[in-house]
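Listed below are the residues making up each chain.
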Amino acid sequence: AQSVAQPEDQVNVAEGNPLTVKCTYSVSGNPYLFWYVQYPNRGLQFLLKYITGDNLVKGSYGFEAEFNKSQTSFHLKKPSALVSDSALYFCAVRGRNTGKLIFGQGTTLQVKP
Amino acid sequence: GAGVSQSPSNKVTEKGKDVELRCDPISGHTALYWYRQSLGQGLEFLIYFQGNSAPDKSGLPSDRFSAERTGGSVSTLTIQRTQQEDSAVYLCASSLAEGGYNEQFFGPGTRLTVL
């Protein structure tokens, strides 16, 4: 069965410091991997995706993610956090023969000034 | 351009009543999805429509839940005989369907409260 794990309920970082939000997945075959962000009382916004090719994927708002096949991970990163990055982040996986996204439980990112 | 829209934004109903939730996908998107977001269960897939193919209903939690998509565009999610555990935010998404790698674009959701 497909599954996604985000081991941290909350990540706290100081503004200007690098941030990492962790994600590991379990799926048969080669998956498509996604990160979404949700601001309070708003829908999910797409950040970035991994399809194939380079393991480092760049996305919106300066975020990037590194795909690691051997560790089945897809961690979200940003070199310098902003207070405005504070939000709820979801990792998701989609198998190549299915339309549905399987989401992790979400990680709340808190960036303090 | 216009994004995915959903109506109503909020719905309060009494236990046992039926409710209908509406989704207007992005124009030109042939794939449409419904998800449910609740505190206890996180984000759950409900149903997926792709063109004229039979929908993937594997995520519907019970036979009280059904959905249809008319004319390949607007979709309605219907919950019959609502229960308190149905209280959640119901999210609709759409995507281009040339490949499964296309990202899904989400609407703002409908917050359903069952009293």
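Given the structure is predicted, the values throughout are model-derived calculations rather than measurements. (Residues numbered from 1 in each chain as written. Chains lettered and ligands numbered in written order. Predicted model: local features only at pLDDT ≥ 70, side-chain atom pairs only at ≥ 80, totals over all residues. Heavy atoms only, no water.)

**Student:** Just checking my understanding: could you explain unusual backbone geometry for this structure?
**Tutor:** Note on backbone geometry: most residues besides glycine have negative phi, and most peptide bonds are trans. The step from B:S7 to B:P8 runs through a cis peptide bond, and the omega angle for that step is -10 degrees. Here B:P8 lies in the loop between β1 (5–7) and β2 (10–13). The backbone of A:Y61 shows a phi angle near 60 degrees, a positive value even though the residue is not glycine. Tracing the backbone through its elements, the reader meets A:Y61 in the loop between β7 (56–58) and β8 (64–68). (Helix = DSSP H or I, 4+ residues; strand = E, 2+ residues; numbered from the N terminus.)

**Student:** What's the story with the state of the cysteines in this structure? I'm lost.
**Tutor:** Counting across every chain of the model gives 2 disulfides over all chains. Residue A:C23 pairs covalently with A:C91 via a disulfide, S to S 2.0 Å. Every disulfide takes its handedness from the sign of the S-S torsion; for A:C23 and A:C91 that torsion is -65 degrees, giving left-handed. Of this pair, A:C23 sits in the loop between β3 (19–21) and β4 (24–26) while A:C91 sits in strand β10 (residues 87–94); the two residues are 68 residues apart in sequence, bridging distant segments of the chain. As far as the burial class goes, A:C23 and A:C91 line up, both buried. Put simply, B:C23 and B:C92 are joined by a disulfide, and their sulfur atoms are 1.8 Å apart. An S-S torsion of about -65 degrees defines the bridge between B:C23 and B:C92 as left-handed. In this pair, B:C23 is assigned in strand β3 (residues 19–24) and B:C92 in strand β8 (residues 88–95), connecting sequence segments 69 residues apart. In this pair, the class of B:C23 matches that of B:C92, namely buried. (Disulfide = S-S within 2.5 Å. Buried < 20%, exposed > 50% of the residue type's maximum accessible area, 1.4 Å probe, protein only.)

**Student:** Teacher, can you tell me more about the pattern of salt bridges here?
**Tutor:** Pairing between side chains of opposite charge can happen when their charged atoms approach one another. Counted by the stated rule, this structure contains 7 salt bridges over all chains. A salt bridge links B:E103 to A:K49, with the shortest nitrogen-to-oxygen separation between them at 2.6 Å. Placement of the pair is B:E103 in the loop between β8 and β9 (105–106) and A:K49 in strand β6 (residues 44–50), with the two residues belonging to separate chains. With a closest N to O distance of 2.9 Å, B:D24 and B:R22 form a salt bridge. (Salt bridge = Lys/Arg side-chain N within 4 Å of Asp/Glu carboxyl O.)

**Student:** Could you clarify how one ought to interpret the packing of aromatic side chains in this entry?
**Tutor:** Between two aromatic rings, the relevant description is the distance of the centres plus the angle of the planes. Residue and element names in this part refer to chain A. Inspection of every chain in the model, using the stated rule, returns 16 aromatic pairs over all chains. Each ring, one from Y50 and one from F67, has its centre 4.1 Å from the other, and the planes form 20 degrees; the classification is stacked. Of this pair, Y50 sits in strand β6 while F67 is found in strand β8, placing the two residues 17 residues apart along the sequence. Each member of the pair, Y50 as well as F67, is classed as buried. (Phe/Tyr/Trp six-rings, centres within 6.5 Å; stacked < 30°, edge-to-face > 60°.)

**Student:** Sorry, what's going on with the interface of chain B and chain A here?
**Tutor:** When the parts of a complex come together, some accessible area is lost, and that lost area is often taken as the interface size. Opposite the 20 residues of chain B that make contact, chain A presents 18 residues. For the pair chain B and chain A, the summed buried surface comes to about 1,600 Å²; carbon and sulfur atoms form 54% of the total. The interface formed by chain B and chain A contains 1 salt bridge. Joining chain B to chain A, the criterion identifies 8 residue pairs in polar contact (both at pLDDT 80 or more). If you list the elements that add at least two residues to the side of chain B that touches chain A, you get β4 (31–38) and β5 (42–50) of chain B. (Contact = heavy atoms within 4.5 Å. Buried area = accessible area lost by both parts, 1.4 Å probe. Polar contact = N/O pair within 3.5 Å; in protein donor to acceptor, adjacent residues only side chain to side chain.)

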